[in-house]
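What the coordinates show
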Amino acid sequence: MIDLSADLLAAAEADVIGLAVIGADRKMVRKIGRLVEWLPAAGADCCECMLLVGMEDELAALAAGRRDNIALAGVRGAAPGIAQPVTAVVLWNGARSHYFVIAMPDFAARQVETLLGSERRARRLMEQQLEAASAEVRFASLARTRLRLARDLHDTLVHSIVALLTQIRLIRHFLSADPARVADSLATAENAAASGLARAREAIARLRMPDDLKLEPDVDGLLADFAERSGVAVSTHIDERARDGLRDCALTVQRILNEALRNVQTHAQARQVTFRAFEEPAASGRKLIVEIRDDGRGFDPAIPTPGHFGLIGMAEFAELVGGTCVVQSAPGLGTLVRIALPVAAPPAATRGVLAD
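Small disclaimer: the values here were computed from a predicted structure and weren't measured.

Below, the discussion takes up the sheet that holds strand E6 (residues 233–238). One key point about sheets: their strands pair by backbone hydrogen bonds, in either a parallel or an antiparallel sense. Spatial ordering of the open sheet is given by E6-E7-E8-E10-E9, a layout of 5 strands whose pairing is mixed. Either end of the sheet is taken by a strand with one partner, and the two such strands are E6 and strand E9 (324–329). Each strand axis lies, on average, 15° off the axis of its neighbour in the sheet, ignoring direction. In this structure, strand E7 (residues 272–281) lies alongside strand E8 (residues 286–294), joined through 9 bridges in antiparallel fashion. Looking at the pairing, Glu 279 lines up with Leu 288 of E8.

Structure, rendered in structure tokens:
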């Protein structure tokens with residue numbers, strides 16, 4: 001079984017990986033490295049930490065030999081100062097009657113052979129990864145489903161409730177200040193509720209769709225509806241070569257664009273929104289670039305906003321297809337949302353040449 005060899009200890013002390021030993025009674029014995037800082041202090045029950053809470057039965061099954069490992073895959077921000085996802089695997093060392101935890105950034109798995117420095121250690125780690133693969137897939141699938149539910153709830157219920165709450169506050173104000181406007185405010189609130197219900201039904205329909213379903217792009221329609229609804233002027237610049245990319249990445253672009261436009265309408269106080277789509281060469285294939293810029297009041301992205309997950313969701317949408325979504329803003333300088341997505345298919349003109 002795994003031992004805390006000199007190589008592993010050195011890697012943990014350098015924060016390349018994280019190591020921890022947990023006693024048979026689930027009490028923390030030792031932990032090394034920032035990547036296991038999410039585990040409780042020495043002497044505490046390991047199931048007191050958020051990632052292991054409620055897993056007493058799973059740990060007991062691991063110690064009894066009824067399962068091989070416990071894999072915690074794609075744990076974002078599990079350790080302070082670590083922004084990328086972290087993968088942790090819990091194993092049982094029967095010879096020493098303790099649990100062993102190894103945690104690493106997801107990209108580190110490709111470098112472990114160099115890290116350990118020998119073919120024997122690399123083969124041992126590969127065997128552990130193969131044993132954990134099926135569990136990691138299940139955990140990743142569950143995490144993806146939960147994230148999808150969270151995004152759709154945020155995109156529908158949260159925005160709708162915020163809109164209704166705003167209208168209710170206005171109605172309460174008009175009841176005493178301007179009763180004649182109460183009827184119009186009620187009508188607006190009714191429209192907000194109807195719109196929220198329609199978006200909720202759309203979200204339910206999306207949850208029933210296969211993840212790989214391709215949608216036809218409706219960027220122009222989304223922008224036109226936004227301009228009519230908000231009164232904000234919209235200018236659109238789409239390179240012809242980018243239209244194939246917009247079609248291939250339609251679902252991701254539409255979800256991020258919807259969130260960006262909602263943020264503009266709700267927070268930015270902008271007069272102008274500019275949408276650009278074009279392509280850039282990439283190491284393999286092509287890269288679709290989409291930029292949504294507004295001239296609103298801007299904000300400081302470094303200041304946390306507890307309870308608001310729109311910007312996080314936009315980044316996660318892009319990451320799910322191997323892309324990125326970066327938000328640049330500063331107070332008084334507007335906001336730029338820049339999406340970069342890989343597009344594997346060749347351009348339409350090339351496809352025609354190949355077909356001939």
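Now that the structure has been shown, we can carry on.
Averaged over every residue, the pLDDT of the protein is 77; residues scoring 70 or more account for 69%. Per-element mean pLDDT across the protein ranges from 40 in helix H10 (residues 348–355) up to 94 in E6. Low confidence marks residues 211–215, where pLDDT is under 50. Its contacts with residues over four positions away, or in another chain, come to 6 contacts. Note that residues 347–356 has pLDDT below 50 and, in this model, 7 contacts with residues that lie over four places away or in other chains.

The next point concerns the packing of helix H8 (residues 250–268) against helix H9 (residues 310–320). Closest axis-to-axis distance for the H8/H9 pair is 9 Å, and the angle between their directions is 165°. Viewed along their axes, H8 and H9 adopt a mutual orientation that is roughly antiparallel. As H8 runs across H9, the sense of the crossing is left-handed. Note on element contacts: H9 touches H8 through Gly 310, Leu 311, Met 314, Phe 317 and Ala 318, opposite Thr 252, Arg 255, Ile 256, Glu 259, Ala 260 and Asn 263. Each residue belonging to the contact of H8 with H9 can be placed in one class, and the counts come to 6 nonpolar, 3 polar and 2 charged.

Our next topic: the packing of aromatic side chains. Each aromatic ring pair is described using two quantities: the centre-to-centre distance and the angle formed by the ring planes. Taken as a whole and judged by the stated rule, the model has 1 aromatic pair. Note on Trp 92 and Tyr 99: the rings are 4.7 Å apart at their centroids and 65° apart in plane angle, and the pair reads as edge-to-face.

For the rest of this paragraph, the subject is the pattern of salt bridges. Once the charged atoms of two side chains with opposite charge are near each other, the side chains can pair. In the structure shown here, the tally under the stated rule is 10 salt bridges. Residue Glu 240 pairs with Arg 243 through a salt bridge whose shortest N-O separation is 3.5 Å. Arg 243 sits in the partly exposed class, given a relative accessible area of 33%. Glu 280 is the partner of Arg 338 in a salt bridge, and the nearest nitrogen-oxygen pair spans 3.2 Å. Separated by 58 residues along the polypeptide, Arg 338 in strand E10 (residues 335–343) and Glu 280 in strand E7 bring together distant segments of the chain. By relative accessible area, Arg 338 is classed as partly exposed at 26%. For Glu 280, a relative accessible area of 29% corresponds to the partly exposed category. Salt bridges sharing common partners tie together Arg 276, Glu 280, Glu 291 and Arg 338.

Here we come to helix H2 (residues 56–63). Those residues of H2 lying buried are Leu 59, Ala 61 and Leu 62. Here the buried residues of H2 occupy an arc of 160° about the axis, which is enough to place them on one side. With its phi angle positive at about 85°, Gly 65 sits one or two positions after the end of H2.

On the surface, a cluster of negative charge is made up of Asp 218, Asp 220, Asp 225 and Glu 228. Within the fold, Asp 220 resides in helix H6 (residues 219–230). Take Asp 220: its relative accessible area is 42%, and that puts it in the partly exposed class.

In this section: the nonpolar core. Counting 31 residues, the largest nonpolar core has Phe 275, Val 290 and Ile 292 as the members making the most contacts within it. Looking at this core, the elements that each hand over two or more residues are H6, helix H7 (242–248), H8, E7, E8, H9 and E10. The element contributing the most residues to this core is H8, with 7 residues. Every residue in contact with Val 290, bar those within four places of it in the chain, is listed here: Leu 246, Val 253, Phe 275, Arg 276, Ala 277, Val 337, Arg 338 and Ile 339.

What follows deals with the environment of Ile 339. Relative to the elements of secondary structure, Ile 339 occurs in strand E10. When the C-alpha positions of Ile 339 and Val 327 are compared, they lie 8.8 Å apart, and in sequence the two are 12 residues distant. Ignoring any residue separated from it by four or fewer positions in sequence, one finds Ile 339 in contact with Ile 256, Leu 288, Ile 289, Val 290, Ile 292, Thr 324 and Cys 325.

This paragraph deals with the packing of H6 against H8. Packed helices, taken two at a time, are described by the angle between their axes plus the distance between the axes. Where H6 meets H8, the axes come as close as 11 Å, and the angle between the chain directions of the two elements is 15°. The angle between H6 and H8 falls in the class roughly parallel. When the axes of H6 and H8 are compared, the crossing they make is right-handed. Residues Val 219, Leu 222, Leu 223, Phe 226, Arg 229 and Ser 230 of H6 pack against Val 253, Gln 254, Leu 257, Asn 258, Leu 261, Val 264 and Gln 265 of H8.

Let us look at the pairing of E8. The buried fraction of E8 amounts to 7 of the 9 residues, a majority that puts the element mostly inside the structure. In sequence, E7 turns back onto E8 through a hairpin of 4 residues, with Gly 285 there showing a positive phi of about 75°. Direction of pairing for E8 relative to E10: antiparallel, over a ladder of 9 bridges. What sits directly across from Leu 288, in E10, is Leu 341.

What counts and how
Residues numbered from 1 in each chain as written. Predicted model: local features only at pLDDT ≥ 70, side-chain atom pairs only at ≥ 80, totals over all residues. Heavy atoms only, no water. Pairing = 2+ DSSP bridges. Helix = DSSP H or I, 4+ residues; strand = E, 2+ residues; numbered from the N terminus. Axes fitted to C-alpha atoms, helices over the stretch in contact; angles between N-to-C directions. pLDDT = per-residue confidence, 0-100. Contact = heavy atoms within 4.5 Å. Parallel < 35°, antiparallel > 145°, perpendicular 65-115°, else oblique. Left-handed = near helix turned anticlockwise from the far one by under 90°. Nonpolar A, V, L, I, M, F, W, Y, C, P; charged D, E, K, R; others polar. Phe/Tyr/Trp six-rings, centres within 6.5 Å; stacked < 30°, edge-to-face > 60°. Salt bridge = Lys/Arg side-chain N within 4 Å of Asp/Glu carboxyl O. Buried < 20%, exposed > 50% of the residue type's maximum accessible area, 1.4 Å probe, protein only. Arc of directions from axis to C-beta. Patch = residues over 30% accessible without salt bridge, like charges linked within 9 Å, V, L, I, M, F, W, Y side chains within 5 Å. Areas by Shrake-Rupley, 256 points an atom, 1.4 Å probe, with all protein chains shown as cover. Lys, Arg positive; Asp, Glu negative; His and termini not counted. Charge placed at Lys NZ, Arg CZ, Asp CG, Glu CD. Core = buried A, V, L, I, M, F, W, Y, C linked by side-chain atoms within 4.5 Å.

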